[in-house]
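Architecture and fold: a report
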Number of protein chains: 2
Amino acid sequence: MNAEALSSPRLADADALIADLGVRARAAAKALAVATTAEKAAALRAAAAQLRARATEILDANAQDMAAGQEGGLTSAMLDRLRLDEGRLGAIADAVEAVAALPDPVGAEIDRAIRPNGMELSRVRVPLGVIGIIYESRPNVTADAAALGLMSGNAVILRGGSEAVRSNRAIYAAFAAGLAESGLPADAVQLVPTQDRAAVGALLRAQGLVDIIIPRGGKGLVARVQDEARVPVLAHLDGINHLYIDAAADPAKAVALAVNAKMRRTGVCGATETILIDRAYAAPLAIVDTLVAAGCEVRGDRGIAALSPHVTPADANDWDCEYLDAIVSIALVDGLAGALAHIDAHSSRHTDAIVTEDAAAAERFLAEVDSAIVMHNASTQFADGGEFGLGAEIGIATGRLHARGPVALEGLTTYKWLVRGTGQTRP
Amino acid sequence: MNAEALSSPRLADADALIADLGVRARAAAKALAVATTAEKAAALRAAAAQLRARATEILDANAQDMAAGQEGGLTSAMLDRLRLDEGRLGAIADAVEAVAALPDPVGAEIDRAIRPNGMELSRVRVPLGVIGIIYESRPNVTADAAALGLMSGNAVILRGGSEAVRSNRAIYAAFAAGLAESGLPADAVQLVPTQDRAAVGALLRAQGLVDIIIPRGGKGLVARVQDEARVPVLAHLDGINHLYIDAAADPAKAVALAVNAKMRRTGVCGATETILIDRAYAAPLAIVDTLVAAGCEVRGDRGIAALSPHVTPADANDWDCEYLDAIVSIALVDGLAGALAHIDAHSSRHTDAIVTEDAAAAERFLAEVDSAIVMHNASTQFADGGEFGLGAEIGIATGRLHARGPVALEGLTTYKWLVRGTGQTRP
């Protein structure tokens, strides 16, 4: 029995289903917008407790998804993303509790001014409203996204991947049970009750009902969502990230940062994919050798390939490739200007870093590289909401509007202007 | 000869034209992103000087547009928006100079933190990149949008209405001459060189070349842009604004605010369109009578219509109507809860206000009304970037993402995260 067999019969009217979910979400969002921090945190703690209490059911559901996935030929990487165990489920519950402990962004004052006529102006954060989350195999997203959405005062509509449908339903049921204890509206978090793809299309077109869509998954999913959506999308695209080793780099830092940025975890979006080395840098071979010794395949331009028999010649595609694997492309460049030109041409504008002891070079790199995250003497693997102190993240936005880089609670809010007067009329 | 006759022959390939403008804008944007405040301000002052120096040419061009418009049957309201005279042109130049004097948002630090591992994190404002402005008859938008775009470090692609094509070209030529004196790239501000509608479609689809589209004009234009665009849109929709007179309103303030909010200028988006009066308020007739005496048509619900023979009965459409005229709809409501329910059902979420001396009622209204601007004891006519101290505005955003309410220089920026380390690797 495959996952699709669990879903509802094909919908006559996906739009009607999504409209119903949307109207209920909008009503819930109104209550959530004025819920107190304590109410939201209590709901999340209750949800975390239910996730722990229902561990057996959730792990059973996950075992069924795993069995169906193995039978259906999912890759081992996909199966690993899908798999839950007691440790992973405990981490999911921990994460929900951690979100409950984060500062509530709603009601925070962004700025305040008094106008010459005496009117007081302030901007305060308010929830976005209704958030649609479309995601793939990782079942933890069900709890993570629900927790971040709820804590920021938003109603959430979740639509997970078919391969994780049983796991998602079990996690959602636990979350909903916690929510029910809290007194916040049940429709604050809804799971689309069908795996019919038509429902995804309807969600993407639900202007006025859904305020923002956040896709969580691979390139294919994100591109499809961006292409079809009429609702605004907060998207996370590729991480084709660069580490530039300047002539004035400290060699020990250069080697340590190159290995960490590439090899700590190769499948994360903050992993470095291309290393650029200044032709004037003294010790490029040590970088190549250390990477090779760490198990990394090195694809080099002519200058790098000449350094070591372990280097494969890179072709033109290598400079635009997000390997997400133990592979790195390395090129020699003509100093900082050469690095900036290469990055401008090839970066996906996610995270790029410079290694140098030259403060002026570092500041120029920070100023001129137009990426969501620009680093000096730090590993690109730090590109992460938790590492940035945001507590959690719903994703790393690679667009330029609304929010950029790691998006957490603040990124799920907007603001309104409050004007307090004493009867002022405009002349 | 009508305006279209001035435009280029129908394009074989509007996409190629827009791609060319977009590539040039992108290159200019890179230079603008690192231009100093002094350089940008000098360019704007030079542009303002050119606008003054070329007054005769600009007014001649405008006279030709006016003649063509009269012949072509433009309404008197449209002709008034189109018309320039020495005073209006002087005001356009003044506005450009005023933008030059505003604080530069680029490089401003939003926040800063030091992580436990010693990494310094900061978020700094950077330009959005390339902004497309699509507008209708008002030729002042050519200079206003160019000035706001340039000062915020963005390249701008302008596409004005056919009825103003000669005026726009003359204003653009003056602006470009000022820019040329400054040393900033000429492609920082470009005017689409054809009135062919296909170029608008191409601009709306120019993903990757244009970062945001801002429509400036009536509902029809904005709706068409939102419908067709694949590039993100910062849109300004209706201002169906409410003024709620609470039982605890001061009667003198209530009358003064009602008349000002509705009648100061009826054609602006901050004008009140519906007045809600608490059934328990003591003096509703004074509000009706003062509005009637001020020349306003009053359309009332049954309770209001019973007060005065000058009231026309409202029909169901009146509660969802942006009159932009000397017409107001007035309804009696059951206290604050009734007002909140009416506003939730009918407000376009632009600007809504309460008149009351009851501080608790005011705070509840400010908290619960989900509009871009929510006011207490102040006229909705203050909904304006200049009045809010922003110096100027590119529009009032009614969406929820990126920027909300009056949008000025800050709204034309995004941010990037800067990480300054000393060799930190991620464990």
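Residues numbered from 1 in each chain as written. Chains lettered and ligands numbered in written order. Predicted model: local features only at pLDDT ≥ 70, side-chain atom pairs only at ≥ 80, totals over all residues.

1. Brief notes about the overall build of chain A
Along chain A, the regular secondary structure elements total 14 helices and 16 strands. Whereas a compact globule of 427 residues would reach a radius of gyration of roughly 22 Å, chain A reaches 24 Å, a difference of no more than 12%. Its C-alpha atoms put chain A at 70 × 65 × 35 Å along the principal axes. Counting only contacts in chain A whose residues sit at least 6 apart along the sequence, the fraction spanning at least 24 positions is 73%. (Helix = DSSP H or I, 4+ residues; strand = E, 2+ residues; numbered from the N terminus. Rg over C-alpha atoms; globule rule 2.2 N^0.38 Å. Contact = placed C-beta atoms within 7 Å.)

2. Comments concerning the interface of chain A and chain B
Facing the 53 residues of chain A at the interface are 53 residues of chain B. Listing elements by their share of the side of chain A that touches chain B, those giving two or more residues are strand E2 (120–127), helix H10 (251–263), helix H14 (359–368), strand E13 (373–378) and strand E16 (413–424) of chain A. Tallying contributions element by element places E16 of chain A first for the side of chain A that touches chain B, with eleven residues. Taken together, the residues of the side of chain A that touches chain B sort by class into 25 nonpolar, 16 polar and twelve charged. Examined bridge by bridge, E16 of chain A and strand E13 (residues 373–378) of chain B share five bridges and lie parallel to one another. Within E13 of chain B, the position partnered with valine 419 of chain A by the bridge is methionine 375 of chain B. (Nonpolar A, V, L, I, M, F, W, Y, C, P; charged D, E, K, R; others polar. Pairing = 2+ DSSP bridges.)

3. Overview of the domain arrangement of chain A
Domain boundaries assigned for chain A yield domain 1 (13–237 + 407–418) and domain 2 (241–382). Using C-alpha coordinates to define each centre, domain 1 of chain A is positioned 35 Å away from domain 2 of chain A. (Domains from an automatic or database assignment.)

4. Here we look at the relation of the copies chain A and chain B
The two copies are related by a screw motion: chain A maps onto chain B through a turn of 180° and a shift of 0.0 Å along the axis, at an RMSD of 0.0 Å. Each copy turns onto its partner about a two-fold axis. Rotation axis and chain A: the residue whose C-alpha lies nearest the axis is histidine 402 of chain A, separated from it by 1.8 Å. Comparing contact sets, 100% of the residues at the interface of chain A also lie at the interface in chain B, consistent with an isologous, same-surface contact. (Least-squares fit on C-alpha atoms with pLDDT ≥ 70 in both.)

5. Topic: the sheet that holds strand E16 (residues 413–424) of chain B
Strand pairing in a sheet takes place through backbone hydrogen bonds and is either antiparallel or parallel in direction. Spatially, E10(A)-E9(A)-E11(A)-E8(A)-E7(A)-E12(A)-E13(A)-E16(B)-E2(B)-E1(B) is the arrangement adopted by the ten strands of the open sheet, whose pairing is mixed. Strands with a single pairing partner mark the edges of an open sheet, and in this sheet they are strand E10 (311–313) of chain A together with strand E1 (109–114) of chain B. In this sheet, adjacent strand axes meet at a mean angle of 25° when their direction is disregarded. Note: strand E2 (residues 120–127) of chain B against E16 of chain B, eight bridges, orientation antiparallel. Among the inter-strand pairings, valine 126 of chain B is bridged to a residue of E16 of chain B, identified as threonine 414 of chain B. Relative to E13 of chain A, H14 of chain A is tilted by about 160°, and along the sheet it contacts strand E12 (351–355) and E13 of chain A together with E16 of chain B. (Axes fitted to C-alpha atoms, helices over the stretch in contact; angles between N-to-C directions.)

6. A look at the environment of alanine 95 of chain A
With respect to the helices and strands, the residue alanine 95 of chain A is situated in helix H5 (residues 86–100). Look past the residues within four positions of alanine 95 of chain A in its chain and what remains in contact with it is Ala143, Asp144 and Ala392 of chain A.

7. Some details on H5 of chain A
Quick reminder: α-helices carry 3.6 residues per turn. Residues three or four places apart thus point the same way. Residue and element names in this part refer to chain A. Relative to the 21 Å expected for 15 residues at 1.5 Å per residue, H5 spans 21 Å between its end C-alpha atoms, a close match to the ideal helical length. When we look at burial in H5, the residues that qualify are Leu89, Ile92, Ala93, Ala95, Val96, Val99 and Ala100. Mapping the buried residues of H5 onto a view down its axis gives an arc of 150°, with all of them on the same face. Opposite the buried face of H5, at more than 90 degrees from it, the exposed residues are Glu86 and Gly87. Elements that come into contact with the buried residues of H5 comprise helix H2 (37–53), helix H3 (55–71) and helix H6 (140–151). (Expected span 1.5 Å × (residues − 1). Buried ≥ 20, exposed ≤ 12 C-beta atoms within 10 Å, placed from the backbone. Arc of directions from axis to C-beta.)

8. Some points on the sheet that holds strand E5 (residues 189–191) of chain A
All names here are of chain A. An order of E5-E4-E3-E6 is seen for the four strands of this open sheet, with the pairing classed as parallel. Looking at the sheet topology across the chains shown, the edges are occupied by E5 and strand E6 (212–216). Taking each pair of neighbouring strands and ignoring which way they run, the sheet shows an average axis angle of 20°. Both strand E4 (residues 155–159) and E5 contribute to a ladder of three bridges, which runs parallel. Within E5, the position partnered with leucine 158 by the bridge is leucine 191. Relative to the sheet, helix H9 (residues 219–228) contacts strand E3 (130–135) and E6, its axis offset from that of E6 by approximately 160°.

9. Observations regarding the pairing of E13 of chain A
All names here are of chain A. In terms of residue burial, E13 counts as a mostly covered element, since six of its six residues are buried. Where E12 lies against E13, four bridges are found, and the strand directions are parallel. Among the inter-strand pairings, threonine 351 is bridged to a residue of E13, identified as isoleucine 373. Note on the crossover from E12 through H14 to E13: the handedness is right-handed. (Right-handed = clockwise from strand over helix to strand, strands pointing away.)

10. Things to note about the nonpolar core
Counting 132 residues, the largest nonpolar core has Leu44, Val96 and Ile245 of chain A as the members making the most contacts within it. In this structure, valine 96 of chain A is in contact with Leu44, Ala47, Ala48, Leu51, Ala143 and Ala147 of chain A, ignoring residues within four places of it in sequence. Listed in part, the 131 residues of the second largest apolar core include Ala29, Ile58, Ile214 and Phe382 of chain B. (Core = buried A, V, L, I, M, F, W, Y, C linked by C-beta atoms within 7 Å.)

11. Looking at the pairing of strand E9 (residues 297–300) of chain B
Examined bridge by bridge, E9 of chain B and strand E11 (residues 327–333) of chain B share four bridges and lie parallel to one another. In the sheet register, valine 298 of chain B faces E11 of chain B, and the bridge partner there is valine 328 of chain B.

12. Some words on the environment of glutamate 57 of chain B
With respect to the element layout, glutamate 57 of chain B can be found in helix H3 (residues 55–71). In sequence terms glutamate 57 of chain B and alanine 145 of chain B are 88 residues apart; their C-alpha atoms lie 21 Å from each other.

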